[in-house]
There are 2 protein chains.
Amino acid sequence: MQSRAALHTLPFSLNSYQPGAGSGAMLDLEDVLAARDRVAETSRHTPLDHSHTFSAMTGADVHLKLETFQRTGAFKIRGATNRIATLSPEQREHGVVTASAGNHAQGVALAATRAGVDSVVVMPEHAPVSKVKATRHYGATVVLHGEDYSEAQARAKDIEREENRTYVHAFDDWAVMAGQGTIGFEILEDCPEVETVVVPIGGGGLIAGVATAIKGRHPDARVIGVQAEGASSAAASLAKGEIEVLEGVDTIADGIATRRVGEKTFEVIQERVDEVVTVSDSEIAVALVYALERGKTLLEGAAAVSLAAVLEEAFDYEDDEVIVPLLSGGNIDMNTLTTVIMRGLVETGRYLKIRTVLQDVPGALVHLAEEIAAAEANIYAVHHDRTSRDVAMNDAEIEIELETRGQDHVDALLSRLREAGYDVDVLL
Amino acid sequence: MQSRAALHTLPFSLNSYQPGAGSGAMLDLEDVLAARDRVAETSRHTPLDHSHTFSAMTGADVHLKLETFQRTGAFKIRGATNRIATLSPEQREHGVVTASAGNHAQGVALAATRAGVDSVVVMPEHAPVSKVKATRHYGATVVLHGEDYSEAQARAKDIEREENRTYVHAFDDWAVMAGQGTIGFEILEDCPEVETVVVPIGGGGLIAGVATAIKGRHPDARVIGVQAEGASSAAASLAKGEIEVLEGVDTIADGIATRRVGEKTFEVIQERVDEVVTVSDSEIAVALVYALERGKTLLEGAAAVSLAAVLEEAFDYEDDEVIVPLLSGGNIDMNTLTTVIMRGLVETGRYLKIRTVLQDVPGALVHLAEEIAAAEANIYAVHHDRTSRDVAMNDAEIEIELETRGQDHVDALLSRLREAGYDVDVLL
């Protein structure tokens, strides 16, 4: 299969990485090994599930690493656990602080509570209610501060100084990366024949840890990183050879919507990640819908990128290649979910919303409905509005929501209606 | 804990049921045992997953039987496989036929294809596109006929006669029940300490098989049946002592929206099911949302009833009682899902849609937004309409969608707005 969007392929040399050498200057296999027992204190060994559906769809041998079933619903608890386990007695005494509106908040809260360490999490004032509630539930003191993440982070840094707490970084920290890397060992244990592991990249902590574990144990396996097109700092940084800070980010995958990778994570990514590719928001939405509909599994956008990269062949792979997309978490707001589902259905030609104008005469709606039925589309909903100011006095604007069978079916339906004289706008 | 809605408790006598006696007149343990190897040819041993979340929410020790991960997305393939495996060579030659708009269609299609038997499935003309497609994909010839299930079934009966095919009933058939019952053995194998198994009832095939397996092996374990309030024929029939045929059905759990239980299934249910309870559509929607949001697992409405019965304490249970809700399938239309999610959020006070009227003066919207912010609710969307004919010429109607923290929060917000002089209608 041909790669569609290999943005960056590293001239990867294994010589530069000596597994277990323990240089100390950088993350090594020993660090991830040392994290394993600590992480097991708070975290589950999550299932690896062979996917008949996605194997059939891609021709590869696809096994899903379901980190969605991790405690707190995402991998972040692993890194937080390892970071907190390696605090000095004095640091433990003073507690920890972090800023996050997402999974890291819950990971730090639960890891700290389990270790008997006090935690403060600063979240932006308009953070989703469900995330605030969950973070409090896991035992953290939540401080709501600022309009966005930067303002929350500034407040957390103040608290770090004022209260002499240890700041737990979400990714750019060796102990955090080592904790996330324990997922790599689980993949190797459950699927020793793995050929390619596909990992989402936001700040890079997850892939840095996983790549260290995988390459350290199984140097021939590939590690592919995936970013959202609208937040592809790692891809840009690799191309440039130095860290690129994005002006802004724009993606539905909010868990990986970071403006830059970390200093430390970038170092590891440069050395140990084979290739970093990107996927679009549409591709993410489609993957999320497939995971739900076919796999019966809820993913957050950040987790869906790795599945999207496989489904869209964003990197090269062979038939029957053993591929493990790491599905990093399932914490998605239910309102966001309904929006993403609609987008996924629209993208795959299975939902269509059109607007047209009916002459306001008896039978006009019947005629339109007959055309739609003849085209074998199911009508979900009809919004009929005679008061719209955009149409002539005696005409009526109508919006129709339809179930369709795919893009070809959509095209056929639209042609048919237009041939029948309807002026049709596609709204969704 | 007190039961809220124990509609029917049987004076259950184990003496009437001799496990393995093999009377032949009725389903017995031997039948289910015999089904086991046949069913394994097409079906997965699905996971049983301890749920930390639902245990914490209920005080019981809840393990979820994730039949959602079954091939075809639901349990029906088990019964169909056993039915087809027990055809005579001549019957195999002529093929099978059934009518279904749901999981049974896919179960029969795949089971037949795997066994090398030809299958015809009649579906109503307006069956969801996704189900038609899936059934064809699994190898059946799909005939679209009739406005509803009854008309499709009549056509299937014609085909049975015309083509000398064997009709595979969705539930009222001993071999089908025996196949579904294999789930009971898997539960006992993975959780020998199980005290209560909670099973959805539509036609009754699933619970008849499961109860036979569970009671045959572990007579002290309870088997609780759950129906949707709007389709509670089994509950009504048990109360009456004979089969009650409902005038109509009305529930979001379309997979169990049957007007009557079967003759054969009712016989087994009367003898081996301890209690049958009902849950409302609201309770089903809430359970479905919790399964998704907290459990990261997609359920169809019919599967969510068993979780709903546990969450709502529709039957009595003790603290730490080992309870297994059988989550029978995950095949839910994505459009239906978005509707059910919204309903679940509304029911739990986490989504609110209100309408009010603003005087059309500068600053009116600012004032309203300030009140909402002071009440700590997040605004999702605002629809502002000056042209509505229901309000005075210079006023403007406004609809607001809000994220709230629960029913208390909703009440507080509404009180605040009304005290501030707004006339508020709750739309959702």
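The structure under discussion appears in the preceding block.
The following paragraphs examine the structure supplied in this document. (Residues numbered from 1 in each chain as written. Chains lettered and ligands numbered in written order. Predicted model: local features only at pLDDT ≥ 70, side-chain atom pairs only at ≥ 80, totals over all residues. Heavy atoms only, no water.)

1. Let's talk about helix 1 (residues 29-40) of chain B
Residues and elements named next belong to chain B.
Consideration 1: For helix 1, which comprises twelve residues, the first-to-last C-alpha distance of 17 Å matches the rise-based estimate of 16 Å (1.5 Å per residue) to within 8%.
Consideration 2: Residues of helix 1 that are buried include every one of Leu 29, Val 32, Ala 35 and Val 39, and no others. Viewed end-on, helix 1 has its buried residues packed into an arc of 110 degrees, placing them on one side of the element.
Consideration 3: On its buried face, helix 1 sits against helix 3 (76-85), helix 8 (174-190) and helix 9 (205-217). (Helix = DSSP H or I, 4+ residues; strand = E, 2+ residues; numbered from the N terminus. Expected span 1.5 Å × (residues − 1). Buried < 20%, exposed > 50% of the residue type's maximum accessible area, 1.4 Å probe, protein only. Arc of directions from axis to C-beta. Contact = heavy atoms within 4.5 Å.)

2. Here's the deal with the pattern of salt bridges
Consideration 1: This model, assessed by the stated rule, comprises 40 salt bridges over all chains.
Consideration 2: Note that A:Arg165 and A:Asp118 form a salt bridge whose closest N and O atoms lie 2.6 Å from each other. With A:Arg165 in the loop between helix 7 (149-163) and strand 7 (166-167) and A:Asp118 in the loop between helix 5 (103-115) and strand 5 (119-123), this residue pair connects regions lying 47 residues apart in the sequence.
Consideration 3: Relative accessible area serves as the criterion here: at 42%, A:Asp118 is assigned to the partly exposed category.
Consideration 4: Here B:Glu321 and B:Arg222 are joined by a salt bridge, their closest N and O atoms 2.8 Å apart. Taken together, the residues span a long stretch of sequence, with B:Glu321 in the loop between helix 13 (301-311) and strand 11 (322-327) and B:Arg222 in strand 9 (residues 222-228) at a distance of 99 residues.
Consideration 5: Note on B:Glu321: relative accessible area 7%, which makes it buried.
Consideration 6: Linked through salt bridges whose partners overlap, the residues forming this network are A:Lys65, A:Glu67, A:Arg78 and A:Glu186. (Salt bridge = Lys/Arg side-chain N within 4 Å of Asp/Glu carboxyl O.)

3. Describing the side chain of A:His63
Residues and elements named next belong to chain A.
Consideration 1: Locating His 63 in the fold gives a position in strand 3 (residues 61-66).
Consideration 2: There is a polar contact of 3.4 Å between the side chain of His 63 and the side chain of Asp 61.
Consideration 3: Setting aside anything within four residues of it in sequence, one finds His 63 in contact with Leu 48, Asp 49, His 50, Ser 51, Cys 191, Val 322, Ile 323, Val 324 and Pro 325. (Polar contact = N/O pair within 3.5 Å; in protein donor to acceptor, adjacent residues only side chain to side chain.)

4. Looking at a negative patch on the surface
Consideration 1: Together, A:Glu193, A:Glu195, A:Asp316, A:Glu318, A:Asp319 and A:Asp320 make up a region of like negative charge exposed at the surface.
Consideration 2: You can see A:Asp316 is positioned in the loop between helix 13 (301-311) and strand 11 (322-327). (Patch = residues over 30% accessible without salt bridge, like charges linked within 9 Å, V, L, I, M, F, W, Y side chains within 5 Å. Areas by Shrake-Rupley, 256 points an atom, 1.4 Å probe, with all protein chains shown as cover. Lys, Arg positive; Asp, Glu negative; His and termini not counted. Charge placed at Lys NZ, Arg CZ, Asp CG, Glu CD.)

5. Thoughts on the packing of aromatic side chains
Consideration 1: The tally for this structure, following the rule as stated, stands at four aromatic pairs over all chains.
Consideration 2: Taken together, a centroid distance of 5.5 Å and an interplanar angle of 55 degrees make the contact between A:Phe315 and A:Tyr317 tilted.
Consideration 3: A:Tyr317 gets classed as buried once you look at its relative accessible area, which sits at 2%.
Consideration 4: Taken together, a centroid distance of 6.3 Å and an interplanar angle of 25 degrees make the contact between B:Tyr351 and B:Tyr380 stacked. (Phe/Tyr/Trp six-rings, centres within 6.5 Å; stacked < 30°, edge-to-face > 60°.)

6. As for the nonpolar core
Side chains of nonpolar character tend, in soluble globular proteins, to be buried together.
Consideration 1: A:Leu292, A:Phe315, A:Leu337, B:Leu292, B:Leu307, B:Phe315 and B:Leu337 are the most contacted members of the largest nonpolar core, which has 89 residues in total.
Consideration 2: With nine residues, helix 13 of chain B is the largest single contributor of residues to this core. (Core = buried A, V, L, I, M, F, W, Y, C linked by side-chain atoms within 4.5 Å.)

7. Focus: the interface of chain B and chain A
Consideration 1: The partner chain A presents 37 residues to the 38 residues of chain B that form the contact.
Consideration 2: Considering only the surface of chain B that becomes buried against chain A, B:Val129, B:Lys296 and B:Met334 emerge as the three largest contributors, covering 22% of it.
Consideration 3: Between A:Asp49 and B:Arg44 there is a salt bridge, with its nearest N and O atoms 3.3 Å apart.
Consideration 4: Taken together, the links from chain B to chain A amount to ten residue pairs in polar contact (both at pLDDT 80 or more).
Consideration 5: For the side of chain B that touches chain A, the secondary structure elements donating two or more residues are helix 6 (129-137), helix 12 (281-293), helix 14 (334-347) and strand 13 (378-385) of chain B.
Consideration 6: For the side of chain B that touches chain A, the residue count by class is 14 nonpolar, 14 polar and ten charged. (Buried area = accessible area lost by both parts, 1.4 Å probe. Nonpolar A, V, L, I, M, F, W, Y, C, P; charged D, E, K, R; others polar.)

8. Some words on the pairing of strand 3 (residues 61-66) of chain B
Residue and element names in this part refer to chain B.
Consideration 1: Across the six residues that make up strand 3, a large majority, five, are buried.
Consideration 2: Judged from the three bridges that link them, strand 2 (residues 48-50) and strand 3 form a sheet pairing that is antiparallel. Bridged to Asp 49 within strand 3 is Leu 64.
Consideration 3: Of the strand pairs in this sheet, strand 3 and strand 11 are connected by four bridges, and their pairing is parallel. Pairing of Lys 65 across the sheet is with Leu 326, part of strand 11. (Pairing = 2+ DSSP bridges.)

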